[in-house]
Amino acid sequence: MSAARFDLETGCEARFDDYLVRLLAIAEGDPGKENKAKFSDFLLWANEEGLLSKRQARETYNRYFGVKYVSMIGEYSVCSEACPRQPALMREMKAELSDKEIGLLKVSGDRRSYQRAHQLYSEAELVLEATCMACGPTR
C-alpha cells in the first residue's frame, strides 16, 4: 500500500481505481480480518489527499467490506423510481455482491459477513419483485 500511495501522490492519481483493484488482488493472497482496517486507512488517506471525496471513500469501503448495499441507497419512491429500473438495479446489486465476495470473503476471510450480504441480496430481490408487482401499472 505504501508503494501505491507513493505512485498516487506522484502523478498516477487518475489511475486510483486500477490501484485499488490491484491492492485487493494482492490482499487475496493473505486474507484476514485486519485487511478491512488496512483498506479503511487507505481510503481515508485517499480522501485526505483529495483523490476521493468523503462520500466516495465511504461508498467504496462499504461496496467491498460492508454487508449493506450502496446500490440500494437512494431517496426515491420504490414504485415510481426503483421499479422502472428494477432489472438495472438488480444487475448493479449483483455486481456489488461480486465486489463483496472479493472484500469480505477473499480479502478479509469473513465468511459470516459475506453470507449475510448474500442473504440481503436474495431478500432485496424478492422484496423488490413483490413490491413492484404490487405497484401495478405505474411501473
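One can find the structure itself at the top, above this paragraph.
Residues numbered from 1 in each chain as written. Predicted model: local features only at pLDDT ≥ 70, side-chain atom pairs only at ≥ 80, totals over all residues. Heavy atoms only, no water.

> When you look at the packing of aromatic side chains in this model, what are you seeing that I'm missing?
Between two aromatic rings, the relevant description is the distance of the centres plus the angle of the planes. Applying the stated criterion across every chain, the model contains six aromatic pairs. Taking 5.7 Å as the distance between ring centres and 10 degrees as the angle between the ring planes, the aromatic pair formed by Phe16 and Phe42 counts as stacked. You can see Phe16 sitting in helix H2 (residues 16-28) and its partner Phe42 sitting in helix H3 (residues 34-48), a full 26 residues away along the chain. Like Phe16, the residue Phe42 is buried in the burial classification. (Phe/Tyr/Trp six-rings, centres within 6.5 Å; stacked < 30°, edge-to-face > 60°. Helix = DSSP H or I, 4+ residues; strand = E, 2+ residues; numbered from the N terminus. Buried < 20%, exposed > 50% of the residue type's maximum accessible area, 1.4 Å probe, protein only.)

> Is there a simple way to explain the state of the cysteines in this structure?
Disulfide: a covalent bond connecting the sulfur atoms of a pair of cysteines. For the coordinates displayed, the defined rule picks out two disulfides. Across a sulfur-sulfur distance of 1.7 Å, Cys79 and Cys135 are joined as a disulfide pair. Given an S-S torsion of about -70 degrees, the disulfide between Cys79 and Cys135 has left-handed geometry. Linking Cys79 in helix H5 (residues 78-82) with Cys135 in helix H7 (residues 111-135), this pair joins segments that are 56 residues apart in sequence. Assessed through its relative accessible area of 13%, Cys135 is described here as buried. Between the sulfur atoms of Cys83 and its disulfide mate Cys132 the distance is 2.0 Å. Measuring handedness by torsion sign, the sulfur bridge of Cys83 and Cys132 sits at about -95 degrees and is left-handed. Of this pair, Cys83 sits in the loop between H5 and helix H6 (86-107) while Cys132 is found in helix H7, placing the two residues 49 residues apart along the sequence. (Disulfide = S-S within 2.5 Å.)

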